[in-house]
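Understanding the architecture of this molecule
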Amino acid sequence: MLMEDPYEVGTSSDEETERQRQDVIRKKQKEKAEVKSGAYGAFVPEGNDVGGANLTVEELEHYEDIVAGNYKPLTAAPSADLEILLRKSKAEGGEAEAKTKEAEEQKEKAEDSMYSSTNAYGGIDDADNYGSAYGAPEEATKRSYGAYSVPRSVIEQRVELGRLSKQERESRIRYEKWSLSRVKGDISLFERTQRTAEAKNEVKMKSWNQAFLEAQDLPENTPDQVLKKYRLLSKLSTDFIEIAKVYGRTVISEYFLGKEYQTVETIKIGGVAGGTKYIVRGILFKLAVDPAVGSDPKRKHFVYGGKTRNYEYAAKAAGHELKGAINMHKYYNKGICVPMQALVDFHGYRLVAMPLLPLKGGKLIYGSKDTGKTIRHDDPRFNEFMKEIAADLHLAGHGVCDQTGRQHFIYAAGDIEGHIGTDGRYYLIDLARSFPPESLWDTHHLHKPSQAVFFRMLRPEFLQWLKKNHRPNKPEESFPPLSCDALTNWGQSADDSKEHNDRVREATNVLINKVVPEFAATFVQRPPHQLREIRVSEELHRHGINVRHMGLVRFMIRDTDESSLAAQQALLISMVGRTLKNLLRREMRVEHDAHKNAQPSDHDSRAMVVDFLNLVTRAHPQDDTTEEFWSETVPFGLMKRFGQMALSQNEQENLFSAIKEDVARIVKYVVSTTGVQVHATAMRTLEATGAGFEFVSVDLGALTVRIKHMSVIDYATAKVLSQEAYQGGVGIAGDRLLSLARRQFNRTLQSDPLNDVCASEANITRLRIVSRKYENRASQPQIEPQRKARYFKLSDEKLFAACAVAARSAEETGGLVDSDDLANMIRAVLTTWQGRKRGPQADLFPSCGGASHVSCVKRLIKFVESTRNRLLTLELCAFLATCRDPSLAAVLEHFVKELTAKEKKDIETQGIPPMEVKQTKAKASKSGNAQSSQIQDELVIRLSDKLTKGERSPTARTLVVVSNLLAATESPALWVEAVNICHRLMKTYGKDAFYRWYRGSPWNLIRSEANGLLSDYESKCISSVIRSLSPLRILDLRGLKMKDEHVEEIAEACASLPEGTSFAELRSTHTLPVVRLRANDLDAIQFKQMVKHDVAWLFALLRCNKSVQKVLLAHTDLDSAECRAICKGIANHSIRHFELRGCDIDDDELLVLGEALRQLGRLEVLRLPNNMFTDKGGVILGQFKTMTECDLSGCKGITDQTIGVIARECKRLRAMNLARCSRVTDEGARSIAAIANLEELTLTECMALTDKAMEHISAGCPRLRTLKASSCTNLGSGALMAIAKGCKSIETLDLSYLHNMRDAAVVYLSEQCASSLRTLVLGHCPGLTDKSIAQVGQSCRQLQHLDISVCSKITDESINEIAKGCHELKELNLAVCEKVTDAAICAVAQHCADLEALNVSCCDKITDEAIVALTKCAGLQRLNIYSCKQVTDTGIKELSTKCKRLRHLDLFWCEGIKEEAIETIMKNNPECKIHR
């Protein structure tokens, strides 16, 4: 498309000069309005400033740089007005600087008060340095923000430029811009990048809390705003969790180390119940360790365990804090802020992670932070909020007494804290006791810990059940709310304590005697196959039952039918799994405790886990430990957690027999909940073998961190996926997006079952998925019309049910905006109906109960009217106008009349953007018959009436809008009408106006859908559009089914493009560069995994091309028809390089291709690797006499016969690849020997070759430079001696994996080929010793690449000789050479200054000394020290400082390297990829 000249001056008159001056002044005023005043801004001259109107254009344009001293005007002297303004700017700049300094000092004081080391909740003084930089900072340097970085545009230097020609003006402007860059002293690219990075580093990072709150405050009034908000929330949450993982693992790993050895030190803030506390990166970590309370060390009392410390109970309390945060977070819209929280589980310990809050300088207004000595409820507004929240959660207001005996009335637990932060927001923290405790005296079936009221809580789902039901003993009364401080010392001194205690005991009795039995009765009614797959804990939680009552539920199931037995087994498996999980966590803590003076290694932990898992699987049944484990440890632990009635007497004695068949499921649950990584192979073997399977250390990976987080994180991800599915999810991709969204919604409901909004969206997503399934069934080929109609009807019912759910949700929230689920569902309905019209039986569409059914359309119209969304209205009109049903034409006419009557004011023409209905949103359907012209006329008239003030003759602007709407449909017939409109506009207004109108909205025509059959008429329409001049840029035909003649017709049209067209891409499975092929702008084409359409179009386009000389297709299954299309495409071409890699070519297809390739005459490179042809087709390869390179690797069907034909006929051959051609024998090698000019030969994995083959090759191929014979297991020393004797010019030799190779052969090679050898690969040759490798170092002075990996007999002696002799060495591989030490690496570093790559993985004797020595190799790019456990931070830091070209570093299993060293490497080598 034509573009306006940005440097066009136009006229040289004085009026034009004044116009330019005023344009610049207006631009400066606008920029000044956009830039903040004070420290961010600078004085910008305006037209009404002193002298501002008389500045030159150049002075106006570069005023800021002149003030800063970075620009010197081209004029001889500045104007008088400029001097006045400079003096004024200098004076104002000084005042601004003083104000800025004062503002910064005040801000620093405010920020210093953000965090406290003595408050009940707070941070450290320099907490501003932690966190993550999100969004725009509150302050920044002038170089990064403000007036100094205002973007500059190119303005004409002098009016006389207008007298020059366009070409002269462009040349003059380019020269003056170059001159100006030298005057201003532009910095280099690298310096600019460095300064930009420095400026970014200077930006102060926001706290996590501030970033979360700002993200939650973002609007969600449009789909784009919804995506922006929830993508940001998802990103913030992900970053927060990742940092919590890293530092949480560090905190737990170093828990028993002394302070001087801890990476993150403990801090003393707040109370003791939260456990040990840490602060790092703006995150507060609380380690749940069950702290001791009381001043008498002889009478220790623990918060949760009572007389003994209990980490399991402390972890439960931490889990309750997360649950409280999840339930309180939903009241954010009331003004209550709850910090983002996550639980970090590692090595049996649990951490609570949350961002620091701005509480220093704030005020405690609710609850107590000093264990009840003082109690606050000072803020009436906050008190009212808490009262509303308590009513919603069914919590009771109650009395709590402080130290003086004064009673206070509050609505939450006494130790929950409410604060006003320094940012003016309300914060609610310490939420572990957000819900009432369970009565210890009324749960007779459970063990009774003395401190159970602090970690055994009633579930919020049960409270909601109580809220909706009546008291059993008083049916006329609703169940009253419950107190969070009942049965605890917090509420015992209050006047209403007895009442609230009785309520909680009564509620507990209702739970045990009514809710649990009812659940047991309904649970057992499920089909047995569902019970085997059900998640028992989620079902219990959904009904308000705690998991600890699982044993009681099982006890109440007494029948012996199949369903009852399946229910009992499901409950038993869940209880055993949870018991084993806690036992393994205990063992992890014991293992951790055993290394108090040193950080425990993963190796020791894995050994313990292996032993534990072998106890679980009963790998050693005769072992006393195994017997005790299953007869005492597990049964007793289970009964302690779930009650003695959970197991029968027989099950107590034979528990393993009861769960023997499900041991794989139990192990899978245990390892997934404890962070143990088990390799998939081991898990599959366990599932196959079952009990008795023995784990070994290699079956396990490193212990990982497990995270539990707030439901808002899953909800944010679900919203993003759901919105993306609405906006562009079609076909398989759309199904996958919906499936992922549904999974995330369900995960949200797992942790927050009372989230009604999420439940509504999950229900909508479920209905959409079901609808898509029916649509997919209806689109199956050969389906009967009656069944198709039935599936369409079922699909419509699900879609309208989803619309109804969305409408109810919108009604409850009062949302009538574009981002509502209702608007999205309406678009989903239209998209679904459009897909039906493109189906293989589109003629049956009117009778299939779909969109053409008048009742369905009227139902949809009602939903559209309820949204009051103009865009949806236009989309529906466009869809109805393209339908072929006369009854729908009447519906459309009536609908438009009603809309016109309701609207008081039509849309102004000038207010319409160039494309009112964007292509990404307006996806109107296609029409495939000859009546489209009439349909288009009606659509133009109706939309013109809507978009204008009732004028019958549409304006040009209206026609542009309508043509864009037609082009945004998926109807080729309507595309033709859109092209006709374009021709009408060009004829009336000219091409310049046409290009100007469509410059911002080129057409991306889409006709794509799986199983969408293209008709003959549509094919003609598409061809017509391609041949016509239009705004067409992209033609997308992905997923279409079409006839071969359609493919040919479209390809012929692409070869006849009009002059001036902007058609650039033809999209099918791949994107074909139409314009570049047509313009002979490509010399090579490379594609992989193409389908039939791609191949046909590509080579049809290639017929009109003369520049392509290289063709490469990979992993494309070619048939005979496609091979014939290739032959037509390459005929009369000058192709030199032809490659079909992994295309499954058989003999017949190769013979077809061979005839075409034979006629090329100039073919030099032929590569056909990994194909299926045999000698029958392979013999034709001998006819390509010009061929210099032949690649037949992986063609396992060829034998010595094909090799003989090629060797006999192709005398120009220089390179040949026969890797993995397992049927090639010594006789084939004899044939190869006839190719006297052969220079490169690859015989990797040719197992049938013997030393005799190498004798033939060495005798007949004296010019051979490269030989690769790796893994030819029958080769030995004789082969190497033969090559050394006959091929004196050998440069690259690969004889790895030859177990028969001995020193004598290598010594002989080094003597015979000393001057030529550059690359030598002898890895995995266990027979080699220092003798041969030392000789290589002494003789082969030009050696650059050496691989002797896994040669276990190699020592420092030979490596020293290599270092002393091979000074040009660039790559050295010593992997698993276990005898190599630092001395050898130091020698290499000293003598081989050009070393670029070194591999010493699994060399246990390598230490920091070797790594430091490598700093002498400044050009080192790749280093692999995998499993070098003696290397520490010291060596790695030194290496990263000196070796600036380092690009790849493998540190996996290097236990001595910490995160600090990793950060140093990333800082010094930002482009280095680290494998950790």
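Cut-off values and rules
- Residues numbered from 1 in each chain as written.
- Predicted model: local features only at pLDDT ≥ 70, side-chain atom pairs only at ≥ 80, totals over all residues.
- Heavy atoms only, no water.
- Helix = DSSP H or I, 4+ residues; strand = E, 2+ residues; numbered from the N terminus.
- Contact = heavy atoms within 4.5 Å.
- Areas by Shrake-Rupley, 256 points an atom, 1.4 Å probe, with all protein chains shown as cover.
- Buried < 20%, exposed > 50% of the residue type's maximum accessible area, 1.4 Å probe, protein only.
- Core = buried A, V, L, I, M, F, W, Y, C linked by side-chain atoms within 4.5 Å.
- Patch = residues over 30% accessible without salt bridge, like charges linked within 9 Å, V, L, I, M, F, W, Y side chains within 5 Å.
- Salt bridge = Lys/Arg side-chain N within 4 Å of Asp/Glu carboxyl O.
- Pairing = 2+ DSSP bridges.

Considering the overall build of the protein
When helices and strands are tallied, the protein shows 52 helices and 37 strands. Long-range contacts, defined here as pairs at least 24 residues apart, represent 73% of the contacts in the protein between residues at least 6 apart. Accessible surface for the protein amounts to roughly 65,200 Å². Of this, 49% is attributable to carbon and sulfur atoms.

Details of unusual backbone geometry
Even without being glycine, Gln1089 reaches a positive phi, approximately 55°. Secondary-structure assignment places Gln1089 in the loop between β22 (1084-1088) and α38 (1092-1102). Take Gln1089: its relative accessible area is 53%, and that puts it in the exposed class. In the Ramachandran plot, Val1350 falls in the positive-phi region, its phi being about 55° despite a non-glycine side chain. On the secondary structure map, Val1350 appears in the loop between β32 (1345-1347) and α48 (1356-1365).

Structural notes on the nonpolar core
Ile1026, Leu1192, Met1254, Leu1414, Leu1423 and Ile1425 are the most contacted members of the largest nonpolar core, which has 177 residues in total. At 10 residues, helix α33 (residues 972-989) tops the list of elements feeding residues into this core. Excluding its chain neighbours within four sequence positions, the residues that come into contact with Ile1026 are Leu1032, Leu1035, Ile1050, Ala1053, Cys1054, Leu1057, Pro1058 and Phe1063. Of all hydrophobic cores here, the second largest spans 173 residues; its members include Leu322, Val616, Ala718 and Ile769.

Focus: a nonpolar patch on the surface
Together, Phe555, Met556 and Met645 make up a nonpolar patch on the protein surface, roughly 220 Å² of accessible area in all. Following the sequence through the fold, Phe555 ends up in helix α15 (residues 550-555). Assessed through its relative accessible area of 34%, Phe555 is described here as partly exposed.

Thoughts on the pairing of strand β12 (residues 407-410)
Taking every second residue as pointing to the same face, the buried face of β12 carries His408 and Ile410, while none of Gln407 and Phe409 on the other face is buried. Judged from the four bridges that link them, strand β11 (residues 398-401) and β12 form a sheet pairing that is antiparallel. Directly across from Val400, in β12, lies its bridge partner His408. Where β11 folds back onto β12 in an antiparallel hairpin, the turn is made up of five residues, including Gly405, whose phi is positive at roughly 90°.

Some thoughts on the pattern of salt bridges
Counted by the stated rule, this structure contains 49 salt bridges. One salt bridge in this structure joins Glu518 and Lys514, with 3.0 Å as the shortest N-O distance. Pair noted here: Glu518 and Lys514 are both in helix α12 (residues 497-523), with a separation of four residues, about one helical turn. Given a relative accessible area of 34%, Lys514 falls into the partly exposed group. The shortest N-O distance in the salt bridge between Arg1208 and Glu1209 comes to 3.9 Å. The partly exposed category is assigned to Glu1209, whose relative accessible area is 31%. When salt bridges with common partners are traced through the structure, they connect Glu1139, Arg1141, Arg1167 and Glu1189 into a single cluster.

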